[in-house]
Amino acid sequence: MSVLAAGMTLAACAGSSAPIVIDAEPAVTAPEHDSDASSTDATTDTTGSTGAPTSPPTTAAPAGDAIDPGSLSRSLSAGDPRFPGLGSSDIDVEHYDVALTYDPAANALDGTVRIALTTTADTDRLAFDADSLGVIEAVVDGSSRPFLAADRELLINLPQPVVAGTELEVEIIYRAQLDVDRRFADEAGIFVTAGGFWSVNEPDGTSTWMPVNDHPTDKATYTFAVTVPDPAVAVANGALVGSGEASPGTTTWTWQQTEPMASYLTLLLVGDYELIDAGTTAGGVELRHAAIAGTAASAATYSDITIEQIDFFETLFGPYPFDRYGVAITDSTPGLAMETQGLSLFSSADLDGSTGGLQHLLLAHELAHQWFGDAVSPGTWDDIWLNEGFATYAQWLWLAEAGFATVEDLANDALTTLADSGGPVGQPDDLFGTVSYDGGAVVLHALRTTVGDEAFFAGLQAWVVEHLDSSATTDELRAVFERVSGLDLEPFFEEWVFSEARPNRFPGPAASTG
Ligand code: ARG
Ligand code: ZN
């Protein structure tokens, strides 16, 4: 199994992946609550637990406040058509303060997550994605609250209903049990290794190790304080702001991500990592790498390519959107790479010190995601081509720049080899299949030949500027390109993005409609 298809393409788990679709039904049933205002702080009764058989014990406290079941469905979802169970549209999280202690003997992470949020609807409860987490306590604004942790959701009763716009401070104490035997196939989350673990969290893996509003429409800043046994190093997104002894034989590594980030872009690594300060680019981007034992020398090699790629992409897409970038070279699955924000994840089997087409391709692809996917994230998971199609097209642009191929050849090859199956680009059967990657890149090439180079690159830059630190949909992309080109692009999007049968040749320049 490789996530690298033959040739200059990148598609995750080619051939082996089933579409990732979660049941349309919310994973929890509404708990029955007595209207007994005097027992609102009880948190020990487990009789209401409906935890999945495989879950660690969950603690439910069906006490206290009566909840109107009619108000439930909304808080349990961000409304994503592909993952109706993910996220909550009732909250807007500003910051997650994540404290984790890794216990390798027990294969567990003990966590305390403090969440600063604002409600976006009138509500009497909060819902977080918490996939099989053993929740121990939930505290809202300093007082312990009744909660229900079941399967993939954590519901917390508020002391009284609150209106939209209410700021709340939530603290959740829990234990995440890691499955040592789990190997990456297509499911996201944490993967245990000899010296620690790595993770890939797209699209819904973060909720397997912390309670989170797990949908790209709710970006937030993060602090990760991860305590690990010496001599292991813990790596996460953002700037390393400290490391110090927690207790004899353990060290806490604290990372601060001050730029808004979608939850699927979290990076969490534990192992024998060397942290490398590779200076600052001419444009002011700090280069900081993390290299697993034995790979520090190759990180330096990839620094040089990365600097050239940042310069090149900045001329095409506008300024690099974050303060820092780096490569995390891990003992993860060969062929898999991930655009974790500000520090992309690669396998040491791929970034092995050589500098061939594969290395150029992977480095360009994950770097380009920082603009397309990270700075601007998909509004729904059906919009995945806005990530993968764009990163693939950027990868083609770099491969041409570096002399490996021409964009025209890559685009023509992709167009002729794309099967008629796999669903429309705008609603692919497989989130990480060829339709999202090559199919999406083919759409961009067709858009370029339709609107012309000038409008095409102006549109890409406007897209990033207008939706920076946010998320956006395919319709919003169309609006940007209609504005910069002056064309009605509805027929183009119908034909190339939303229809099952793609055209088999690239269009010529469109006649302007004025
Ligand atoms: N976004 C990653 C990449 O293209 C692929 C992630 C695949 N994730 C997964 N769960 N299959 O670069
Ligand atoms: Zn990608």
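Just so it is clear, the structure is predicted and the values come from calculations on it, not from any experiment.

J.: Help me get a handle on the overall build of the protein chain, residues and values and all.
T.: Of regular secondary structure, the protein chain possesses 9 helices and 22 strands. Counting all 514 residues of the protein chain, 59% fall into the buried class.

J.: Go over the sheet that holds strand S7 (residues 153-162), please, and point to the residues and values.
T.: The strand order S3-S7-S6 describes an open sheet built from 3 strands, whose pairing is antiparallel. With partners counted over all chains shown, the strands left at the sheet margins are strand S3 (123-129) and strand S6 (147-150), one partner each. Neighbour to neighbour, the strand axes of the sheet diverge by 20 degrees on average, direction disregarded. By the bridge criterion, 6 bridges tie S3 to S7 in an arrangement that is antiparallel. Looking at the pairing, alanine 127 lines up with leucine 155 of S7.

J.: Outline the site of ligand 1, supporting the account with residue identities and numerical values.
T.: Residues in close proximity to ligand 1 total 14 residues, the closest being Glu202, Glu339, Glu366, Glu388 and Tyr437. Glutamate 202 places a side-chain nitrogen or oxygen 2.7 Å from a nitrogen atom of ligand 1. Glutamate 366 is positioned such that a nitrogen or oxygen atom in its side chain is 2.8 Å from an oxygen atom of ligand 1. In isolation ligand 1 offers 340 Å² of accessible surface; the protein chains occlude 99% of this area. The element that contributes the greatest number of residues to the shell around ligand 1 is helix H3 (residues 357-369), accounting for 3 residues. Tallied by class, the residues present in the shell around ligand 1 amount to 7 nonpolar, 2 polar and 5 charged.

J.: Summarise the nonpolar core; cite the residues concerned and give the values.
T.: Counting 74 residues, the largest nonpolar core has Tyr96, Phe128 and Ile156 as the members making the most contacts within it. Counting residues per element, this core draws most heavily on strand S1 (residues 91-103), which supplies 6 residues. Other than its neighbours up to four places away in sequence, tyrosine 96 contacts Val113, Arg114, Ile115, Met210, Pro211, Val212, Asn213, Ala220, Thr221, Tyr222 and Thr223. Listed in part, the 72 residues of the second largest apolar core include Ile305, Ala394, Phe492 and Val497.

J.: Lay out a negative patch on the surface in plain terms, naming residues and giving numbers.
T.: A surface patch of like charges, here negative, comprises Asp475, Glu476, Asp488, Glu490 and Glu494. Mapped onto the secondary structure, glutamate 476 falls in helix H8 (residues 474-485). Given the relative accessible area of 34%, glutamate 476 is considered partly exposed.

J.: Help me get a handle on the coordination of the zinc ion (ligand 2), residues and values and all.
T.: Looking at the metal site, the zinc ion (ligand 2) is ligated by His365 (NE2), His369 (NE2) and Glu388 (OE), spaced 1.9 to 2.0 Å from it. Between the donor residues of the zinc ion (ligand 2), the gaps in sequence give the motif H-x3-H-x18-E. With histidine 365 and histidine 369 both in helix H3 and 4 residues apart, the pair spans about one turn of that helix. Judged by relative accessible area, histidine 369 falls into the buried class, the value being 0%.

J.: Summarise the pairing of strand S9 (residues 189-192); cite the residues concerned and give the values.
T.: Where S9 and strand S10 (residues 197-200) come together, 4 bridges link them in antiparallel fashion. Among the inter-strand pairings, phenylalanine 191 is bridged to a residue of S10, identified as tryptophan 198. Here S9 hands over to S10 after 4 residues, with glycine 196 in that stretch at a positive phi of 160 degrees.

J.: Give me the lowdown on H3, citing residues and values where you can.
T.: Relative to the 18 Å expected for 13 residues at 1.5 Å per residue, H3 spans 18 Å between its end C-alpha atoms, a close match to the ideal helical length. Here H3 lies mainly inside the structure; 12 of its 13 residues are buried. Burial in H3 covers these residues: Gly357, Gln359, His360, Leu361, Leu362, Leu363, Ala364, His365, Glu366, Leu367, Ala368 and His369. Looking at the buried side of H3, the elements it contacts are helix H2 (296-317), strand S18 (324-325), strand S19 (327-330), strand S20 (344-347), helix H4 (385-401) and helix H6 (434-451).

J.: How would you explain the pattern of salt bridges if you had to name every residue and give the values?
T.: This structure, assessed with the given rule, holds 13 salt bridges. Between glutamate 286 and arginine 324 there is a salt bridge; the shortest N-O distance is 3.8 Å. Pair noted here: glutamate 286 is in strand S17 (residues 286-292) and arginine 324 is in strand S18, with a separation of 38 residues, a long-range link. Note on arginine 324: relative accessible area 11%, which makes it buried. Across the pair arginine 478 and glutamate 482 runs a salt bridge whose closest N-O atoms are separated by 3.2 Å. Separated by 4 residues within a single helix, arginine 478 and glutamate 482 lie in helix H8, roughly one turn from each other. A relative accessible area of 23% places arginine 478 in the partly exposed class. It is possible to trace a salt-bridge network through shared partners that takes in Asp277, Glu286, Arg288 and Arg324.

Calculation notes
- Residues numbered from 1 in each chain as written.
- Chains lettered and ligands numbered in written order.
- Predicted model: local features only at pLDDT ≥ 70, side-chain atom pairs only at ≥ 80, totals over all residues.
- Heavy atoms only, no water.
- Helix = DSSP H or I, 4+ residues; strand = E, 2+ residues; numbered from the N terminus.
- Buried < 20%, exposed > 50% of the residue type's maximum accessible area, 1.4 Å probe, protein only.
- Pairing = 2+ DSSP bridges.
- Axes fitted to C-alpha atoms, helices over the stretch in contact; angles between N-to-C directions.
- Near = heavy atom within 4 Å.
- Polar contact = N/O pair within 3.5 Å; in protein donor to acceptor, adjacent residues only side chain to side chain.
- Areas by Shrake-Rupley, 256 points an atom, 1.4 Å probe, with all protein chains shown as cover.
- Nonpolar A, V, L, I, M, F, W, Y, C, P; charged D, E, K, R; others polar.
- Core = buried A, V, L, I, M, F, W, Y, C linked by side-chain atoms within 4.5 Å.
- Contact = heavy atoms within 4.5 Å.
- Patch = residues over 30% accessible without salt bridge, like charges linked within 9 Å, V, L, I, M, F, W, Y side chains within 5 Å.
- Salt bridge = Lys/Arg side-chain N within 4 Å of Asp/Glu carboxyl O.
- Lys, Arg positive; Asp, Glu negative; His and termini not counted.
- Charge placed at Lys NZ, Arg CZ, Asp CG, Glu CD.
- Donors = N, O, S within 2.8 Å, 3.2 Å for Na, K, Ca; no water.
- Expected span 1.5 Å × (residues − 1).

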